[in-house]
Amino acid sequence: CIDTTAGNVTVTLPPAYDVTGQVFYVKRLTAGANTLTVAAESGTIDGSATVSIPLQYTSYTFVSDGRVYWVI
């Protein structure tokens, strides 16, 4: 669970090849103008370098296939 009250936050997922099949959950707790960005240390997330979680109380689930991450 991530609090963006103090400023923009970037969560970096570990290299996809190190965590094949593992699931990661990221949830935004706060509203406001600050951003919550999820990045992958290697590979992409659904074909992009980053994914933004724009709304309060929204959570995304990420899984690695050994090459890239997918939002499920």
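One can find the structure itself at the top, above this paragraph.
Since the structure is predicted, the reported quantities are computational estimates derived from the model, not experimental observations.

Q: Break down the sheet that holds strand β4 (residues 50-52) for me, with residues and values.
A: Pairing between the strands of a sheet is mediated by backbone hydrogen bonds and can be parallel or antiparallel. The 3 strands lie next to each other as β1-β3-β4, forming an open sheet whose pairing is mixed. Two strands bound the open sheet, and with one partner strand each, they are β1 (9-13) and β4. Neighbouring strand axes in the sheet, compared pairwise and without regard to direction, differ in orientation by 25 degrees on average. Note that β1 and strand β3 (residues 36-40) share 5 bridges and pair parallel. The residue of β3 that forms the bridge with T10 is T37.

Q: Quick one: what's the story with the sheet that holds strand β6 (residues 69-71), residue by residue and with numbers?
A: Taken together, the 3 strands give an open sheet; going across it, the order is β2-β5-β6, and neighbouring strands pair in antiparallel fashion. Where the open sheet ends on each side, the last strands, each with one partner, are β2 (23-27) and β6. The sheet shows a mean angle of 25 degrees between the axes of neighbouring strands, direction not considered. As paired strands, β2 and strand β5 (residues 59-64) are joined by 5 bridges and run antiparallel to one another. For V26, the partnering residue across the bridge sits in β5 and is Y60.

Q: Go over the pairing of β3 with me, naming the residues and quoting the values.
A: With 5 of 5 residues buried, β3 lies mostly within the body of the structure. The side-chain alternation of β3 yields two buried faces, one formed by L36, V38 and A40 and the other by T37 and A39.

Q: Report on the environment of S59, specifying residues and quantitative values.
A: Along the chain, the position of S59 falls in strand β5. By relative accessible area, S59 is classed as partly exposed at 45%. Through-space distance from the C-alpha of S59 to that of V38 is 11 Å; in sequence the pair is 21 residues apart. In contact with S59, not counting residues within four places along its chain, are V26 and K27.

Q: Lay out the environment of T50 with the relevant residues and their values.
A: For T50, the location among the structural elements is in strand β4. Expressed as a C-alpha distance, the spacing of T50 and P15, which sit 35 residues apart in the sequence, is 14 Å. Those residues in contact with T50, other than ones at most four positions away along the chain, are T37, V38 and A39.

Criteria and cut-off values
One numbering rule holds for all chains: residues counted from 1, following each sequence as written. Totals for whole chains, interfaces and linings use every residue, but because this is a predicted model, local features are given only for residues with pLDDT of at least 70 and side-chain atom pairs only at 80 or more, for both listing and counting. Side-chain metrics in this entry use all non-hydrogen atoms of the structure; hydrogen atoms and water are not considered. Strands are labelled as partners when DSSP assigns at least two bridges between them. Each helix is a run of DSSP H or I of at least 4 residues and each strand a run of E of at least 2, with the numbering of both proceeding from the N terminus. Structural elements are reduced to axes, namely lines fitted to C-alpha atoms, with helices fitted over the stretch in contact, and the angle between N-to-C directions of any two is expressed from 0 to 180 degrees. Note on classification: 1.4 Å probe, protein chains only; a residue is buried when its accessible area is under 20% of the maximum for its type, exposed when over 50%, partly exposed between these limits. Whether two residues are in contact is decided by their heavy atoms, any of which lying within 4.5 Å being enough.

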